[in-house]
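Notes for the structure review
What follows is the residue order along each chain.
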Amino acid sequence: MIAYLEHFVHENDSEPMLQQQHEELATTLCQSMDLEGTIDYRSTAYAGKDFGGLHASTPFAVVRPSGSRDIASVIRFALRSPNLTVAARGNGHSINGQAMANRGLVIDMKRSSETVIDVVRLDDGYAVDVGGGALWEDVLKRCVSNFGLSPRSWTDYLGLTVGGTLSNAGVSGQTFRYGPQTSNVTELEVVTGNGDTVICSDAQNSELYFSVLGGLGQFGIITRARVLVQPAPNMVRWIRVVYSEFAEFTRDAESLTTRPEGESFDYVEGFVFVNSDDPVNGWPSVLLDPDQLLDPVFLTRSANPVLYCLEVALHYSKGNCSSTVETRIERLLGRLRFMEDALFQVDIGYIDFLLRVKEAEKQAKVNGIWDAPHPWLNLFVSKASIVDFDRFVFKKILKDGIGGPMLVYPIPRNKWDERTSVVLPDGDIFYIVALLRFTNPYQKSPSVRDLVAQNHEIIQVCVRNGLDFKLYLPHYNTEEGWKQHFGDRWSRFVEMKSRYDPMAILAPGQKIFTRHQ
Ligand code: FAD
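What counts and what doesn't
Residues numbered from 1 in each chain as written. Predicted model: local features only at pLDDT ≥ 70, side-chain atom pairs only at ≥ 80, totals over all residues. Heavy atoms only, no water. Helix = DSSP H or I, 4+ residues; strand = E, 2+ residues; numbered from the N terminus. Rg over C-alpha atoms; globule rule 2.2 N^0.38 Å. Buried < 20%, exposed > 50% of the residue type's maximum accessible area, 1.4 Å probe, protein only. Contact = heavy atoms within 4.5 Å. Areas by Shrake-Rupley, 256 points an atom, 1.4 Å probe, with all protein chains shown as cover. Domains from an automatic or database assignment. Buried area = accessible area lost by both parts, 1.4 Å probe. Salt bridge = Lys/Arg side-chain N within 4 Å of Asp/Glu carboxyl O. Pairing = 2+ DSSP bridges. Near = heavy atom within 4 Å. Polar contact = N/O pair within 3.5 Å; in protein donor to acceptor, adjacent residues only side chain to side chain. Nonpolar A, V, L, I, M, F, W, Y, C, P; charged D, E, K, R; others polar.

Here we take up the overall build of the protein. Broken down by element type, the protein carries 15 helices and 18 strands. Against the 2.2 N^0.38 benchmark of 24 Å for 517 residues, the protein shows a C-alpha radius of gyration of 23 Å, consistent with a compact globule. For the protein, the spread of C-alpha atoms along the principal axes amounts to about 70 × 55 × 45 Å. For the protein, the residues scored as buried account for 58% of the 517 residues in total. Considering only contacts within the protein whose residues lie at least 6 apart along the sequence, 74% involve residues at least 24 apart. Carbon and sulfur atoms provide 49% of the accessible area of the protein, an area that totals close to 21,700 Å².

Here the protein is partitioned into domain 1 (2–111 + 500–510), domain 2 (116–231) and domain 3 (235–471). Centre-to-centre separation of domain 2 and domain 3, based on C-alpha positions: 25 Å. If you look at the interface, domain 2 gives 30 residues, while domain 3 gives 31 residues. Of all residues in domain 2, D156, F176 and R177 give up the largest surface area on contact with domain 3, accounting jointly for 29% of the area buried on that side. Counting across the domain 2 and domain 3 interface gives four salt bridges. One salt bridge in this structure joins K358 and E137, with 3.2 Å as the shortest N-O distance.

Burial within strand β17 (residues 429–435) is extensive, with seven of its seven residues counted as buried. Bridge count between strand β15 (residues 377–382) and β17: six bridges; the pairing is antiparallel. Across the sheet, the residue bridging to N378 is A434, located in β17. As defined by bridge partners, strand β16 (residues 406–412) adjoins β17 across seven bridges and the pair is classed as antiparallel. What sits directly across from P412, in β17, is I429.

Close contacts around the ligand come from 33 residues, with A88, G90, S94, D156 and Y472 the closest. Between the ligand and the protein, one listed contact pairs an oxygen atom with a backbone N or O atom of A88 at 2.7 Å. For the ligand, whose accessible area on its own is 950 Å², the fraction buried by protein is 96%. Broken down by secondary-structure element, the contributors of at least two residues to the shell around the ligand are β3 (86–89), α5 (162–166) and β10 (220–231). Taken together, the residues that form the shell around the ligand break down as 13 nonpolar, 18 polar and two charged. Shared between two domains, the shell around the ligand holds at least three residues of each, these being domain 1 (2–111 + 500–510) and domain 2 (116–231).

Dropping the structure here:
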């Protein structure tokens, strides 16, 4: 069977398979892998693309497994072949082909996963068991509507899968309080690159558990995660305030993200914007409601090329006394040094707040910019280097904006578990910098190649000026790049790879290891 398959993978490139051959092969392979799910050779194009739109590579086939057992069968099948690789594909929201498998097998996790499997009572609260391919937006809706519970730590956009974000970190405005999503699970079910299905946690198979969290899909496929939850609030006050000085913005953002719970907001983020009336890059991007009008006086308030917006939110329940909520918000805002009157706020339902990027997605789909390439760059920059980053990058290279959000906000390091595979810069606090570029296929704008080159320039400027930073959602084309990324943790990463995926079958699109023959 394997030899027969190899013929199709490697020798039949130029000859399109006939429908009958497809069906024969599908049936034979399903039987050979003993799959309960399905395998598809024809409608595979989507699995060879991703949100970044910068890379394309065609898989040999896409498997839609019916559960962990099928995933284990696919991996064992690949192990028996001379060179097949296997990529779990969450929602394909990577930028640089990380979920692709050139001529390999892509496992479509999203189509196969149950969302919320069960609620679990823990000693000090509750958790939910969710499928590795579940979308976070579905987890949210099911948890809130069925149990009145909600995960604590999120990403900004929820059209991402549980296994996909746990393989990276999963950060947003709640990370300062609860840590990344990788700090908000207590147990995983993983199918390793050896084809073994293993339950792991801090107490059981902990080496695999911590390797998989932030492990870029290198050690196993997450088929289930136990996610910490808490009672869901029903309302959110969503607030944006503007600063003209970076030092004041960082002072307030760091203060809010390091104060004890109860003395801060429930969500803290920030972004840089251009000091102009440009609808995408400028002041209008700060408004929270289409009915809010921009006071032209703001445009003359500061001579700085870019300004800084601190974005915060406070949870409350409809039953809360409104004057108590107002008093709390006033007290918290009273300590901040933003520009006078540069305050924008709205009240919004909790679910709508968490799904806020979904609205932007709908708009972007209509404008054609959701499906156009996204040369994004994400970095973690240490607190010690963030002023230089602002000086060299925001105020110079990116002073005219990037056609999308430029996020920058601090995260305390003590909320991260250093035993996971995620690598961070030094210091007690670091900033996430997310350059979320959108390109407009219908307007004259810099080419994607120029934007990718600008990302390289930013990295080079950071390196030349000795800034302390790490790439988030990293992407390197050389082993040397990965070695530098992992630093003194590289040898451990390699050791774990040899233990849990010795043939280097998994997640080939990360381009860290090459499949052993
Ligand atoms: P994919 O892109 O499909 O996969 C990513 C990697 O994980 C691949 O290597 C894949 O093989 C592997 N993988 C997928 N599923 C599994 C699994 N079950 N087990 C093991 N490995 C697996 N990130 C944040 O932290 N915060 C944000 O606010 C945020 N916002 C975003 C907004 C948008 C619009 C986009 C496009 C991305 C955003 N991201 C954010 C990045 C996101 O976390 C990554 O793209 C991540 O990879 C999740 O996407 P996915 O589920 O589509 O995974």
